[in-house]
Amino acid sequence: MAIKESPSASIAAEESQIAKAVLMPGDPLRAKYVADHYLEEVVCFNTVRNMLGYTGTYKGKRISVMGHGMGVPSMGIYSYELYQFFGVDTIIRIGSAGGIGDDVKVRDVVIALGASTNSHFADQYRFPGQLCATADFRLLRDAVETAEAMGVRADVGQVFTADQFYNDNPDAGAMYRKFGILALEMETAGLYWTAQRLGKRALSLLTISDHIFTGESLSAQERQDSFHEMMEIALETAWKSLEG
Ligand SMILES: O=P(O)(O)O[C@H]1O[C@H](CO)[C@@H](O)[C@H]1O
Ligand SMILES: O=c1cc[nH]c(=O)[nH]1
């Protein structure tokens, strides 16, 4: 397929092809899964670098879903381009995470109120202080209400966005835990900062796929079933964010 002319470096699409609300998993095949299982009248709008992006309808409203890759730099590129060049208003990350907190179990959904991080992505802003990476309140409230209505256990709190998946510091997890951090992942701070800088809306939903301290982890089948709950909360929250 020929690559289209595009206003952005990494997404080859026209603005009209992308909805105002976009769900984003790290894995582009999880994006395809959402498109295949939940959206109707689906059109693929991006294949550059195989970072698959789709737009379809969910309960009559247009919603897009696209992978964002792993790590803050990758999230920084895709979220910036979607917000800045394609008129996207809302991004909801649908990711996996390692559990840290005592109360957090595998299969739980975590709704990220804010993200502490060791990323230096925000240095570019020369913000005179430490910039909090926080969720959009209305999206967070709608996600909490949706989870409650679905009867899904969802923990709301702080996550840690790490630049490392393999961390040479054996004490890091215990320190995160001391500060009440629920889960460890690799993109939320980058998404929240980008949204804040551009005056847009963002939320990160995470499913606990493994636990750093208990060693528990989900089987492939369990991962799929648990991720459905997060996907449905995200779709309903995105749907509510859209006018009309
Ligand atoms: O499952 P995703 O959304 O990719 O999220 C988590 O999984 C990846 C690491 O395996 C990192 O991207 C981390 O944030
Ligand atoms: O980033 C991640 C994702 C899942 N589990 C982890 O330990 N880290």
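Basis of the calculations
Residues numbered from 1 in each chain as written. Chains lettered and ligands numbered in written order. Predicted model: local features only at pLDDT ≥ 70, side-chain atom pairs only at ≥ 80, totals over all residues. Heavy atoms only, no water. Salt bridge = Lys/Arg side-chain N within 4 Å of Asp/Glu carboxyl O. Helix = DSSP H or I, 4+ residues; strand = E, 2+ residues; numbered from the N terminus. Buried < 20%, exposed > 50% of the residue type's maximum accessible area, 1.4 Å probe, protein only. Pairing = 2+ DSSP bridges. UniProt positions renumbered as here; feature names shortened; annotations may be inferred. Contact = heavy atoms within 4.5 Å. Near = heavy atom within 4 Å. Polar contact = N/O pair within 3.5 Å; in protein donor to acceptor, adjacent residues only side chain to side chain. Areas by Shrake-Rupley, 256 points an atom, 1.4 Å probe, with all protein chains shown as cover. Core = buried A, V, L, I, M, F, W, Y, C linked by side-chain atoms within 4.5 Å.

Take the pattern of salt bridges next. The tally for this structure, following the rule as stated, stands at eleven salt bridges. In this structure, the salt-bridge partner of D89 is K200, at a minimum N-O distance of 3.8 Å. Placement of D89 in the loop between α2 (72-86) and β5 (90-99) and of K200 in the loop between α5 (188-198) and β9 (201-211) is noted, with a sequence separation of 111 residues between them. D142 is paired through a salt bridge with R141; the nearest N and O atoms lie 3.5 Å apart. With relative accessibility at 10%, the residue D142 sits in the buried group. By relative accessible area, which is 33% here, R141 ends up partly exposed. Salt bridges linked by common partners bring R93, E185 and E187 together as one network.

Here we take up the pairing of strand β2 (residues 40-46). Direction of pairing for β2 relative to strand β3 (residues 53-58): antiparallel, over a ladder of four bridges. Within β3, the residue paired with E40 across the bridge is T57. Joining the antiparallel neighbours β2 and β3 is a turn of six residues, in which R49 adopts a positive phi near 60 degrees.

Take the UniProt feature "binding site: phosphate" (unreviewed entry) in the protein next. This chain's UniProt record puts "binding site: phosphate" (unreviewed entry) on G26, R30, R49, R93, I94, G95 and S96. Following the sequence through the fold, R93 ends up in strand β5. With a relative accessible area of 3%, R93 lands in the buried category. Among all residues touching R93, those that are not within four sequence positions of it are M24, G26, H68, M75, E185, E187, T188, L191, L203, S204, L205 and L206.

This next bit is on the UniProt feature "active site" (unreviewed entry) in the protein. Under the present numbering, the feature "active site" (unreviewed entry) in UniProt falls on D210. Tracing the chain through its elements places D210 in strand β9. Judged by relative accessible area, D210 falls into the partly exposed class, the value being 26%.

Moving on, we come to the site of ligand 2. Ligand 2 sits among S96, A97, G98, F165, L184, E185, M186, S209, D210 and I212. D210 places a side-chain nitrogen or oxygen 3.2 Å from a nitrogen atom of ligand 2. A total of 240 Å² of accessible area belongs to ligand 2 in isolation, and the protein chains cover 84% of it. Elements with a contribution of two residues or more to the shell around ligand 2: β5, β8 (183-185) and β9.

A few words on α5. Given 3.6 residues to a turn, an α-helix orients residues that are three or four positions apart in the same direction. For α5, the buried fraction is high: nine of the eleven residues fall into the buried class. Those residues of α5 that fall on the buried side of the exposure criterion are T188, A189, G190, L191, Y192, W193, T194, A195 and L198. Check the buried side of α5 and you find it contacts α2, β5, β6 (109-117), β7 (154-161), β8 and β9. Positive backbone phi, at 70 degrees, marks G199, one or two positions downstream of α5.

This part covers the nonpolar core. I11, I18, L23, M66, L82, L203 and L205 are the most contacted members of the largest nonpolar core, which totals 69 residues. Listed in part, the six residues of the second largest apolar core include I100, F160, A172 and Y176.

Here the focus is the site of ligand 1. Taken together, the neighbourhood of ligand 1 is formed by G26, R30, M70, R93, G95, S96, F165, E185, M186 and E187. Between ligand 1 and G26, the relevant distance is 3.0 Å, taken from an oxygen atom to a main-chain nitrogen or oxygen of the residue. Between ligand 1 and the protein, one listed contact pairs an oxygen atom with a side-chain N or O atom of R93 at 2.7 Å. Contact with the protein chains removes 85% of the 340 Å² of surface that ligand 1 exposes when unbound. The leading source of residues in the shell around ligand 1 is β5, at three residues.

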